[in-house]
Amino acid sequence: MTGLLDGKRLLITGVITDASIGFHVARAAQEQGASVVLTGYGRLSLVERIAQRLPTPAPVVELDVTDDAQLASLPDRLREHVDGLDGVLHSIGFAPPSCLGEHFLDTPWDDVATAMHVSAYSLKSLAVAALPLMDRGGTIVGLDFDARQAWPAYNWMGVAKAALESCARYLARELGPQGIRVNLVAAGPLKTMAAKAIPGFAAFEDAWSDRAPLGWDVTDPTPVAKTCCALLSDWFPATTGSMVWVDGGFHAQGV
Ligand SMILES: NC(=O)c1ccc[n+]([C@@H]2O[C@H](COP(=O)([O-])OP(=O)(O)OC[C@H]3O[C@@H](n4cnc5c(N)ncnc54)[C@H](O)[C@@H]3O)[C@@H](O)[C@H]2O)c1
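Residues numbered from 1 in each chain as written. Predicted model: local features only at pLDDT ≥ 70, side-chain atom pairs only at ≥ 80, totals over all residues. Heavy atoms only, no water.

1. Some details on the site of the ligand
Definition in use: We call a residue near a given molecule or strand whenever any one of its heavy atoms falls within 4 Å of it. Polar contacts, as used here, are pairs of N or O atoms within 3.5 Å; protein pairs need one atom able to donate a hydrogen and one able to accept it. Residues neighboring in sequence count only if both atoms are side-chain atoms. Per-residue and other accessible areas were derived by the Shrake-Rupley procedure at a 1.4 Å probe size, with only the shown protein chains allowed to occlude residues. Using protein atoms alone on a 1 Å grid, points that fit a 1.4 Å probe yet trap it form a cavity, whereas open point sets bounded by protein on both sides within 12 Å along at least five of seven lines form a pocket; residues with an atom within 4 Å of a point count as lining. For a molecule to be placed in a cavity or pocket, more than half of its atoms must lie within 2 Å of the grid points of that cavity or pocket. Helix and strand assignments come from DSSP, with helices taken as H or I runs of at least 4 residues and strands as E runs of at least 2, each series counted from the N terminus.
Taken together, 26 residues surround the ligand, and among them Ser20, Ile21, Lys161, Leu190 and Thr192 come closest. Take Ile92: an N or O atom from its main chain is 3.1 Å from an oxygen atom of the ligand. Interatomic distance of 3.0 Å between a backbone N/O atom of Ala194 and an oxygen atom of the ligand. For the ligand, whose accessible area on its own is 820 Å², the fraction buried by protein is 93%. Judged by its atoms lying within 2 Å of the grid points, the ligand is housed in the largest pocket. Counting residues per element, the ones that place at least two in the shell around the ligand are strand 5 (138-144) and helix 6 (193-196).

2. Regarding the environment of Val218
We count it as follows: Accessible area is worked out with a 1.4 Å probe on protein chains only. A residue is then buried under 20% of its type maximum, exposed over 50%, and partly exposed in between. By definition, residues are in contact when any of their heavy atoms lie within 4.5 Å.
In this fold, Val218 is placed in the loop between helix 7 (201-211) and helix 8 (222-232). For Val218, a relative accessible area of 11% puts it in the buried group. Each C-alpha atom, one on Val218 and one on Trp208, is 8.9 Å from the other, the two residues being 10 residues apart in sequence. Here Val218 is in contact with Pro189, Leu190, Lys191 and Glu205, once residues within four sequence places are set aside.

3. A word on the layout of surface pockets
The condition that has to hold: Grid points are joined across faces, edges and corners, and a volume is the space filled by probe spheres set on the points. Charged means Asp, Glu, Lys or Arg here, nonpolar means Ala, Val, Leu, Ile, Met, Phe, Trp, Tyr, Cys or Pro, and polar covers whatever is left, Gly included.
Counted as a void, the largest pocket has a volume near 1,200 Å³. What lines the largest pocket is a set of 43 residues, and nearest its centre among them are Ser91, Ile92, Gly93, Phe94 and Ala194. Only strand 2 (35-40), helix 4 (109-130), strand 5, helix 5 (155-175), helix 6 and helix 7 provide two or more residues apiece to the lining of the largest pocket. Of the residues forming the lining of the largest pocket, the biggest block, three residues, is contributed by helix 6. Grouping the amino acids of the lining of the largest pocket by side-chain chemistry returns 26 nonpolar, 13 polar and four charged.

4. Here's the deal with the confidence of the model for the protein chain
Under the convention used in this document: The quantity known as pLDDT measures the predictor's confidence residue by residue, on a range of 0 to 100.
The predicted model of the protein chain averages 96 in pLDDT, with 100% of residues at 70 or higher. Confidence, read as mean pLDDT per element, is least for helix 7 in the protein chain (88) and greatest for strand 4 (residues 87-90) (99).

5. Details of the nonpolar core
Heads up, the rule is: In plain words, nonpolar cores are sets of buried Ala, Val, Leu, Ile, Met, Phe, Trp, Tyr and Cys residues tied together by side-chain atoms within 4.5 Å.
In terms of nonpolar packing, the biggest core is built from 54 residues, with Val25, Leu38 and Val224 touching the most fellow members. In this structure, Val25 is in contact with Ile12, Leu89, Ala225, Cys228, Cys229 and Leu232, ignoring residues within four places of it in sequence. With 33 residues, the next largest nonpolar core counts Val61, Val65, Leu71 and Ala168 among its residues.

6. A look at unusual backbone geometry
Among all residues except glycine, the phi angle is most often negative; among peptide bonds, the trans geometry is most common. The phi torsion at Ala153 lies on the positive side, around 70 degrees, for a residue other than glycine. Within the secondary structure, Ala153 is located in the loop between strand 5 and helix 5. Taking relative accessible area as the criterion, Ala153 reaches 14% and is therefore assigned buried. The residue Asn155 is not glycine, and still its phi comes out positive at about 40 degrees. By relative accessible area, Asn155 is classed as buried at 15%.

7. Re helix 3 (residues 68-79)
This is how the line gets drawn: Within this analysis, the arc is defined by the directions that extend from the helix axis to the C-beta atoms.
Looking at helix 3, one finds that the buried residues are Gln70, Leu71, Leu74, Pro75 and Leu78. Viewed along the axis of helix 3, the buried residues span an arc of 150 degrees, placing them on a single side of the element. In helix 3, the exposed positions angled more than 90 degrees off the buried face are occupied by Asp68, Ala69, Ala72 and Asp76. Where helix 3 is buried, its residues contact strand 1 (9-12), strand 2, strand 3 (60-62) and helix 4.

Here you go:
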């Protein structure tokens, strides 16, 4: 059998534990025939250890998406492992604690700016850094939490996700003429390190299992990983600037 991603060269960000959405996308992508390079932020040796747990241990290159020098040197550092890229996964989010919880009105701009820089502007930064290796076109996929509405506690991270959604549409506009598609997967809640930082995450779990027509398992990242792989494949050839919900159908239901 041939794999959905046979011959594809993918850059996958956002792996910090083996619960990370990025880790599950990397695993599913390798199972479908892709070769994968990971980026790691901060605790590099930890990311390198997690990379060994993939079906094929993947190389890890360092990338802080807010570091201009690391972004500029990314193409050269990637060329040590791959001769080009067909796809990029943006699976990065961070907001300082003051951005989440009960105090929407009190969050200082510096903290909001950090959330915006790491979680939204970084989609553009990563795309520009990867561009020199995407001379045959390709696909960029980002991870979103539906920002068309306000959620309890998600606060300024929700505002950053709204910016991410808009950024994806503008990138789609800029990069379409180069044959590069840009899409987001709006995932339902999953128990990862990023989710642990959200106070009251349990409220999402209860709401999802009550409302999603297909049901939803917060411990199972497989549906999200499979959809990311589908978007990273050649099977969404005319889709860009779009958001695909992988949430058990929650977004389409009322109370
Ligand atoms: N877990 C959920 O419920 C859920 C739902 C929808 C969307 N998402 C999104 O999925 C993405 C991945 O999150 P996750 O849930 O797998 O959690 P995670 O904590 O495993 O991954 C978040 C990643 O962001 C990386 N990161 C943070 N700051 C960075 C920086 N400056 N430069 C580079 N990388 C940096 C971390 O190293 C980590 O690998 C995020 O965008 C998140 O908002 C998560």
